[in-house]
Amino acid sequence: MSLVQTHTPTIQAPQLAPSSRRGFRSIVAGGLTGGINICIVFPTEFIKTQLQLDTGKNIMTAHHSIMAPYKATILESKNVKAYTGSVDVVKKTIRQKGVTGMYKGVTVLLCGAIPTYSVRFGVFDFLKSKFSDQDGNLSPLARLGCGLGTGVTEATLVMTWVETLKVRLISDQRKKSPQYRGLVHAASSIIRNEGLSGLYKGLTPTILKQGSNQAIRFSAMETLRKWYTGADQSKSVPKPFVALFGALAGGCSVLGNTPIDVVKTRMQNGSYSSTMECARQVAMKEGVRGFYKGCLPRMNRVCLEVALAFCIYDSVMDIFKTVWPSK
């Protein structure tokens, strides 16, 4: 009998964490999420854009002296806004154009939302699969990086031209004689008069906006999910908490980048030649408050939209686990 026992080493296959890359399913689920979401929240987007574009009109007012009541002695210029607030936008729009007026420009946003959300969730899942650790979790820096990469990609591929057409259509509705007959006519007119670059006006602020948007949103969402589950990838988050976390993530992004959104909207309306000129003019004419125009309706819209988006997306992915399981 040998006094030396030999142990045959047991080679175990590495335990892989559940993959956060959900492939083509995340792209399809993202598209479905975008279509449903936009139909619900578009009226708040319409209100926000109207307020941001309402720079006012200068009206000359005559003042009369007591000594010469029938002769104007002083002319005073006064800037008069078209709307006094969000409620005023709703009242005037419905009175003048009916309820359908609140959905002017929804076609372009709806057409853009499907590819945008597909890119958003597809790219984030892809990046997350590349940068997550062996437990499937992202570091705080990786969360920001994945969100930033997602935002830059969607801004470059989809969001810029979609937002340009949306702003132009909504702005065109404010005119007594609108020049655009619809989405296709607006796009063809802009390309014919301004070239393809006309659809990409505001590319820089859009990249800044979407990059910061998704960096903040996905970072906040992933942080809250990790806090709730204790970094356990097998544990799911109840839908009410998903909605709450999404609303908080959306609210953080609004507070962080509304100034960029204001500059982007003004640029896409075609009123300025550069991003810096636009920012300088807003600062000179309207001050700091000008950079936060439309913040309240945008906060309402974004919190609702992001909460719905993550809830819808998680629900669709739960259904896909049954009807379209991954290999």
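Not measured: the values here are computed from a predicted model.

So, on to the nonpolar core. Residues Leu 165 and Phe 310 are the most contacted members of the largest nonpolar core, which totals 49 residues. Listing elements by their share of this core, those giving two or more residues are helix H1 (23–53), helix H3 (106–131), helix H4 (140–173), helix H5 (183–194), helix H6 (203–229), helix H7 (239–268) and helix H9 (295–323). Looking at which element gives the most residues to this core, the answer is H9, with 11 residues. Counting residues in each nonpolar core, the second largest holds 6 residues, with Val 263, Met 267, Tyr 272 and Cys 278 among its members.

We now examine the packing of H1 against helix H2 (residues 86–97). Packing of H1 against H2 brings their axes to within 10 Å, and their N-to-C directions diverge by 105 degrees. Judged by the inter-axis angle, H1 sits roughly perpendicular to H2. Where H1 abuts H2, its residues Phe 46, Ile 47, Gln 50 and Leu 51 lie against Ser 86, Val 89, Val 90 and Thr 93. Taken together, the residues of the contact of H1 with H2 break down into 5 nonpolar, 3 polar and no charged.

Before going further, it helps to spend a moment on H6. For H6, with 27 residues, the first-to-last C-alpha span of 38 Å sits near the 39 Å given by 1.5 Å per residue. Within two residues after H6, Gly 230 carries a phi angle of roughly 65 degrees, on the positive side.

Here we come to the side chain of Asn 257. Within the secondary structure, Asn 257 is located in helix H7. For Asn 257, a relative accessible area of 0% translates into the label buried. Apart from the residues within four sequence positions on either side, Asn 257 is in contact with Lys 209, Ser 212, Asn 213 and Arg 298.

Using the criterion set out here, one finds 0 disulfides in the structure. Summary of cysteine pairing: Cys 295 is not part of a disulfide, and the nearest cysteine sulfur, belonging to Cys 303, is at 9.8 Å. You can call Cys 295 buried: its relative accessible area is 16%.

A few words now on the packing of aromatic side chains. The final tally for this structure, using the stated rule, is 13 aromatic pairs. A ring pair is formed by Tyr 228 and Phe 241, whose centres lie 5.0 Å apart and whose planes are at 40 degrees; its orientation type is tilted. You can see Tyr 228 sitting in helix H6 and its partner Phe 241 sitting in helix H7, a full 13 residues away along the chain. Residue Tyr 228 is classed as partly exposed on the basis of its relative accessible area, which comes to 25%. Residue classification places Phe 241 among the partly exposed positions, given a relative accessible area of 35%. Seen in terms of ring centroids, Phe 241 and Phe 245 are 6.1 Å apart; in terms of plane orientation they differ by 50 degrees. Their pairing is tilted.

Another point: helix H8 (residues 275–290). Compared with an ideal rise of 1.5 Å per residue, which puts 16 residues at 22 Å, H8 spans 15 Å between its outermost C-alpha atoms and falls more than 12% short. Bending of H8 peaks at approximately 85 degrees at the position of Met 284. Within H8, the full set of buried residues consists of Cys 278, Gln 281, Val 282 and Gly 290. Buried residues belonging to H8 abut H7.

Our next topic: the confidence of the model for the protein. Of the residues in the protein, 88% have a pLDDT of 70 or more, and the chain-wide mean is 85. In this model, residues 11–21 is a region of pLDDT below 50 whose contacts with residues beyond four sequence positions or in other chains number 12 contacts.

Let us now look at the side chain of Arg 301. Looking at the element boundaries, Arg 301 is found in helix H9. Here Glu 45 takes part through its side chain, which lies 2.6 Å from a polar atom of the side chain of Arg 301. Residue contacts for Arg 301: discarding those within four places in its chain leaves Val 41, Thr 44 and Glu 45.

Rules and cut-offs
Residues numbered from 1 in each chain as written. Predicted model: local features only at pLDDT ≥ 70, side-chain atom pairs only at ≥ 80, totals over all residues. Heavy atoms only, no water. Core = buried A, V, L, I, M, F, W, Y, C linked by side-chain atoms within 4.5 Å. Buried < 20%, exposed > 50% of the residue type's maximum accessible area, 1.4 Å probe, protein only. Helix = DSSP H or I, 4+ residues; strand = E, 2+ residues; numbered from the N terminus. Axes fitted to C-alpha atoms, helices over the stretch in contact; angles between N-to-C directions. Parallel < 35°, antiparallel > 145°, perpendicular 65-115°, else oblique. Contact = heavy atoms within 4.5 Å. Nonpolar A, V, L, I, M, F, W, Y, C, P; charged D, E, K, R; others polar. Expected span 1.5 Å × (residues − 1). Disulfide = S-S within 2.5 Å. Phe/Tyr/Trp six-rings, centres within 6.5 Å; stacked < 30°, edge-to-face > 60°. Bend = angle between axes of the 7 residues up to and from the residue. pLDDT = per-residue confidence, 0-100. Polar contact = N/O pair within 3.5 Å; in protein donor to acceptor, adjacent residues only side chain to side chain.

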